[in-house]
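Chain residues, written in single-letter form:
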Amino acid sequence: MTTTYTARPIAPRVLKELRSTDDAGRATAPFTDTEGGAPLRCCLGRSEPGERIALVSYAPLRRWAADQGVDPGAYDEVGPVFIHADDCPGPDAGVALPFTNAHRTVRRYSAEGHILGGRLVEEPDAFDEALRQAFDDPAVALVHVRAVEYGCFLYEVRRGYEVRGD
């Protein structure tokens, strides 16, 4: 049996909130993307020139911890993410792990929201192995995939949110 891990976009209810006020308490200011290529966390794709997007502050661990009833303490981070300024259909079916075309960090978190470690992933075909190793540790509840160059949150993968196949 093989396991395919699936990236989780930002949830629609959270996107609705972020499109009004971000996690730093600032009003969202949409703009027209003139260049394209921004990594969108709502649909896990890249923006196209001419699309309306927004750069918002997002606290992924804080929101996960609140849903779990735990306090991440000092591990609570707020950082910039791009989203569509208006509703979008979400990720395309069949795209399990986007944004694997560059060095990424797979950061592991416990059920209490504390960092358990991380791993640099340098090759696109190494993501499944990095996630398997992370989830082989029973203390790992979720992982964040982050950009190395800026440290930005790209998406999370949760235990139990994988697709199993033969």
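Within each chain, residues carry numbers counting from 1 in the order of the written sequence. Local features in this predicted model are restricted to residues whose pLDDT is 70 or higher, and side-chain atom pairs enter the listing and the counts only when it is 80 or higher, whereas totals over whole chains, interfaces and linings include all residues. To get the side-chain values, take all heavy atoms of the structure and skip hydrogens and water.

Quick word on the sheet that holds strand S2 (residues 31–32)
Overall, antiparallel pairing links the three strands, which are arranged S2-S3-S4 in an open sheet. The open sheet terminates on both sides in strands that have one partner only, identified here as S2 and strand S4 (79–84). The sheet contact formed by S2 and strand S3 (residues 52–58) spans two bridges and is antiparallel. Looking at the pairing, Phe31 lines up with Ile53 of S3. Think of it this way: DSSP has to see at least two bridges between two strands before they count as a pair. Numbered from the N terminus, helices here are DSSP runs of H or I no shorter than four residues, and strands are runs of E no shorter than two.

Digging into the pattern of salt bridges
Note on definitions: salt bridges are taken to be side-chain nitrogens of Lys or Arg within 4 Å of carboxyl oxygens of Asp or Glu. Overall, the coordinates contain 13 salt bridges when judged by the stated rule. A salt bridge links Glu156 to Arg158, with the shortest nitrogen-to-oxygen separation between them at 2.3 Å. The buried label applies to any residue whose accessible area, calculated with a 1.4 Å probe on protein chains only, is under 20% of its type's maximum; exposed applies above 50%, and partly exposed to all values in between. Of the residues examined, Glu156 reaches a relative accessible area of 5% and is grouped as buried. By sharing partners, the salt bridges in this structure join Arg8, Glu156 and Arg158 into a single network.

What about the state of the cysteines?
Two cysteines whose sulfur atoms are joined by a covalent bond form what is called a disulfide. The disulfide criterion used throughout: a pair of cysteine sulfur atoms within 2.5 Å. A full pass over the atoms with the stated rule returns zero disulfides. Cys88 provides the cysteine sulfur closest to Cys42, a residue in no disulfide bond, and the two sulfurs are 3.6 Å apart. Cys43 forms no disulfide, and the closest cysteine sulfur to it belongs to Cys42, at a distance of 4.1 Å. Judged by relative accessible area, which is 14%, Cys43 ranks as buried.

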